[in-house]
Amino acid sequence: MAQVLDVFLNGIAGVFAGMGVLYLTLKLLAMLPGGRRKEDQQQ
Amino acid sequence: MEFIEGMGLLSVTPDLVLMWGIGLALIYLAVTRQYEPLLLLPIGFGILLANLPLALLMAPEEGLIWHFYHYGIEWGIIPPLIFLGIGALTDFGPLLSQPRLIFLGAGAQVGVYVTFFIAYGIGFSVEEAATIGIIGGADGPTTIFLAAKLAPHLLGACAVAAYSYMALVPIIQPPIMRLLTTETERKIKMQKGRKVSAREKIFFPIIAAMVIILIVPASAPLMAMFMLGNLFRESGVVDRLTDTAQNSLLNIVTIFLGVSVGATMSADSFLRKDAIFIFFLGLFAFMLSTAGGVLLAKLMNAFTSNKINPLVGAAGVSAVPMAARVAQKVGAQADKKNYLLMFAMGPNIAGVIGTVIAAGIFLTMLK
């Protein structure tokens, strides 16, 4: 049972952590020079 | 006389006839209702073949389909190749333009883990429970990939459950979406995301593959191929490879996948009460995942002024693009001028990534 609880909690936390890191990656990508089109920068 | 004794006809049992009925039912649903026909048609035929006595098509080391199954699925080759094709077909633009929607793909994995917990509670082993839980992600190749590694004896039932529920998304999801949202919430118009540059789209598969594989190395086979396929597409310099991954290769491996999965469903392995539990638990997982996405969107709305229409949360399950279309349809029923499809594609694609991460975590902790 301890193993199941461990997988359950680690699983949910792991998915959110993974997506959180990916979210930060997306945010960083958007900040790359040239990451946005000129027209977006003007807006 | 020897010829007559060698006829399979004399070895037909009621169990085999029942399996023929199941195989024919899937073929019927594929042909007449067009429920996931690309998969359910070969799966249905594979079930028929596996239950023809003395044909030995699934005999280890000997049968034709056993070779497809062994080298394609047990060796873990076909699901990643399917992901290569899916990657080549996927446009990450909607996700890149609204990164916060990625969390809805995580919220929709709740059903996977809750069902894992429940399946273990009613007597399945930890490995079997994980395989059943992943059905909630509504991702066929990932379900097959995980089942082949953790519980190969459940592969057929889990795959059929996953693909059946993916086909039934337009029937299963709307009542849950309506139950958990108010009319006002369903009418929320989301702000348009920013435009995404070609450079971002090229960088994304490279960096995402590295980041995700560094965090969950066990997800590497699926994630690597998914992002490679997408890099083919977004680079714009390998049209031949993109075309092959999107069409020929994807079609070829789909044939082998479908027939092999169907052929794992022999009467003795499938006609057990476990299979019934798997179908019920899989449905529960899928419903809970839908609810998880919707509820997370509502929770996110509590902390932001830029509101998310909670319906797009339901697209966090990875049935692409069906779940996104359902979000669009239910949204349009509340407000005809509300176009949610492109917003829903973001969580929909995030759901694919989320399910692969969930499967990778199961593999890391249980293998």
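The structure displayed is predicted, hence computed values, not measured ones.

**A closer look at the overall build of chain B**
Moving on, step 1. Counting secondary structure elements, chain B contains 21 helices and zero strands.
Moving on, step 2. Taking 2.2 N^0.38 as the reference for a compact globule, 367 residues should give roughly 21 Å; the C-alpha atoms of chain B span a radius of gyration of 21 Å, in line with that estimate.
Moving on, step 3. In terms of overall dimensions, chain B has a C-alpha envelope of 80 × 45 × 40 Å along the principal axes.
Moving on, step 4. Scored against the burial criterion, the 367 residues of chain B give a buried share of 56%.
Moving on, step 5. Summed over all atoms, the accessible surface of chain B reaches about 15000 Å², with 68% contributed by carbon and sulfur.
Moving on, step 6. In chain B, the 23 positive side-chain charges and the 20 negative ones have mean positions that sit 20 Å from each other.

**Comments concerning empty space enclosed by the protein**
All names here are of chain B.
Moving on, step 1. Scanning the entire structure with this criterion turns up two cavities of 30 Å³ or more.
Moving on, step 2. Computed from the structure, the largest cavity encloses a volume of approximately 80 Å³.
Moving on, step 3. Along its surface, the largest cavity is lined by His153, Leu154, Gly156, Ala157, Thr264, Met265, Ser269, Phe270, Arg272, Asp274, Ala275 and Ile278.
Moving on, step 4. Of all elements in the fold, only α11 (155-167), α18 (267-270) and α19 (273-301) reach the threshold of two or more residues within the lining of the largest cavity.
Moving on, step 5. Sorting elements by how many residues they give to the lining of the largest cavity places α19 first, with three residues.
Moving on, step 6. Per-class residue counts for the lining of the largest cavity are six nonpolar, four polar and two charged.
Moving on, step 7. Considering only enclosed or pocket space, the second largest cavity measures out at about 30 Å³ in volume.
Moving on, step 8. Every residue along the wall of the second largest cavity is listed here: Ile73, Glu74, Gly76, Pro79, Phe145, Ala148 and Lys149.
Moving on, step 9. Breaking the lining of the second largest cavity down by element, the ones donating at least two residues are α4 (64-74) and α10 (140-150).
Moving on, step 10. Among the elements that line the lining of the second largest cavity, the one with the most residues is α10, at three residues.
Moving on, step 11. In terms of residue class, the lining of the second largest cavity is built from four nonpolar, one polar and two charged.

**Observations regarding α11(B)**
Moving on, step 1. Its 13 residues give α11(B) an end-to-end C-alpha distance of 18 Å, which sits within 8% of 18 Å, the value for a rise of 1.5 Å per residue.
Moving on, step 2. Burial analysis of α11(B) places 13 of its 13 residues in the buried class, which makes it a mostly covered element.

**Describing the interface of chain B and chain A**
Moving on, step 1. The interface is formed by 39 residues belonging to chain B together with 32 residues belonging to chain A.
Moving on, step 2. Roughly 3100 Å² of surface becomes buried between chain B and chain A when both sides are summed, with 82% attributable to carbon and sulfur atoms.
Moving on, step 3. Taken together, chain B and chain A are joined by zero salt bridges.
Moving on, step 4. If you look at where chain B meets chain A, you find zero residue pairs in polar contact (both at pLDDT 80 or more).
Moving on, step 5. Those elements that provide at least two residues to the side of chain B that touches chain A are α6 (93-97), α7 (102-107), α8 (110-121), α14 (198-215) and α21 (341-366) of chain B.
Moving on, step 6. Partitioned by chemical class, the residues of the side of chain B that touches chain A number 29 nonpolar, five polar and five charged.

**Re the layout of surface pockets**
All names here are of chain B.
Moving on, step 1. One number sums up the size of the largest pocket: a volume of about 740 Å³.
Moving on, step 2. If you go around the largest pocket, you meet 30 residues; those closest to its centre are Glu36, Ile86, Met166, Val320 and Pro321.
Moving on, step 3. Sort the elements by how many residues they give to the lining of the largest pocket and helix α5 (residues 78-89) lands first, with four residues.
Moving on, step 4. Of the residues contributing to the lining of the largest pocket, the split by class is 19 nonpolar, seven polar and four charged.

**Structural notes on the pattern of salt bridges**
Working definition: two side chains of opposite charge can pair if their charged atoms are close together.
All names here are of chain B.
Moving on, step 1. Summed over the entire model, instances satisfying the criterion amount to eight salt bridges over all chains.
Moving on, step 2. The partner of Lys298 in a salt bridge is Glu185, and the shortest N-O contact between them spans 3.0 Å. Remark: Glu185 occurs in helix α13 (residues 183-186) and Lys298 occurs in helix α19; sequence separation between them is 113 residues.
Moving on, step 3. The exposure class assigned to Glu185 is buried, which follows from its relative accessible area of 18%.

**Some thoughts on the packing of α5(B) against helix α15 (residues 220-235) of chain B**
Residue and element names in this part refer to chain B.
Moving on, step 1. In the contact formed by α5 and α15, the axes pass within 6 Å of each other and the chain directions differ by 30°. Read as a crossing pair, α5 and α15 show a hand that is right-handed. Facing α5, whose interface residues are Pro79, Pro80, Phe83, Leu84, Ile86, Gly87, Ala88 and Leu89, α15 presents Pro221, Leu222, Met225, Phe226, Leu228, Gly229, Asn230, Phe232 and Arg233.
Moving on, step 2. Tallied by class, residues from the contact of α5 with α15 come to 13 nonpolar, three polar and one charged.

**Description of the packing of aromatic side chains**
Moving on, step 1. Overall, the coordinates contain eleven aromatic pairs over all chains when judged by the stated rule.
Moving on, step 2. Here the aromatic rings of Tyr23(A) and Phe103(B) are separated by 5.1 Å at their centres, their planes lie at 50°, and the arrangement is tilted. On the criterion of chain membership, the pair formed by Tyr23(A) in helix α1 (residues 2-31) and Phe103(B) in helix α7 is interchain, its members lying in two chains.
Moving on, step 3. Looking at Tyr23(A), the relative accessible area reads 21%, which means it is partly exposed.
Moving on, step 4. Ring geometry for Phe83(B) against Phe226(B): centres 5.5 Å apart, planes inclined by 75°, an arrangement best described as edge-to-face. Taken as a pair, Phe83(B) in helix α5 and Phe226(B) in helix α15 lie far apart in primary sequence, 143 residues in all.
Moving on, step 5. Residue Phe83(B) is classed as buried on the basis of its relative accessible area, which comes to 0%.

Analysis parameters
Residues numbered from 1 in each chain as written. Chains lettered and ligands numbered in written order. Predicted model: local features only at pLDDT ≥ 70, side-chain atom pairs only at ≥ 80, totals over all residues. Heavy atoms only, no water. Helix = DSSP H or I, 4+ residues; strand = E, 2+ residues; numbered from the N terminus. Rg over C-alpha atoms; globule rule 2.2 N^0.38 Å. Buried < 20%, exposed > 50% of the residue type's maximum accessible area, 1.4 Å probe, protein only. Areas by Shrake-Rupley, 256 points an atom, 1.4 Å probe, with all protein chains shown as cover. Lys, Arg positive; Asp, Glu negative; His and termini not counted. Charge placed at Lys NZ, Arg CZ, Asp CG, Glu CD. 1 Å grid on protein atoms, 1.4 Å probe; cavity = no way out; pocket = protein on both sides within 12 Å on 5 of 7 lines; lining within 4 Å. Points joined across faces, edges and corners; volume = space filled by probe spheres on them. Nonpolar A, V, L, I, M, F, W, Y, C, P; charged D, E, K, R; others polar. Expected span 1.5 Å × (residues − 1). Contact = heavy atoms within 4.5 Å. Buried area = accessible area lost by both parts, 1.4 Å probe. Salt bridge = Lys/Arg side-chain N within 4 Å of Asp/Glu carboxyl O. Polar contact = N/O pair within 3.5 Å; in protein donor to acceptor, adjacent residues only side chain to side chain. Axes fitted to C-alpha atoms, helices over the stretch in contact; angles between N-to-C directions. Left-handed = near helix turned anticlockwise from the far one by under 90°. Phe/Tyr/Trp six-rings, centres within 6.5 Å; stacked < 30°, edge-to-face > 60°.

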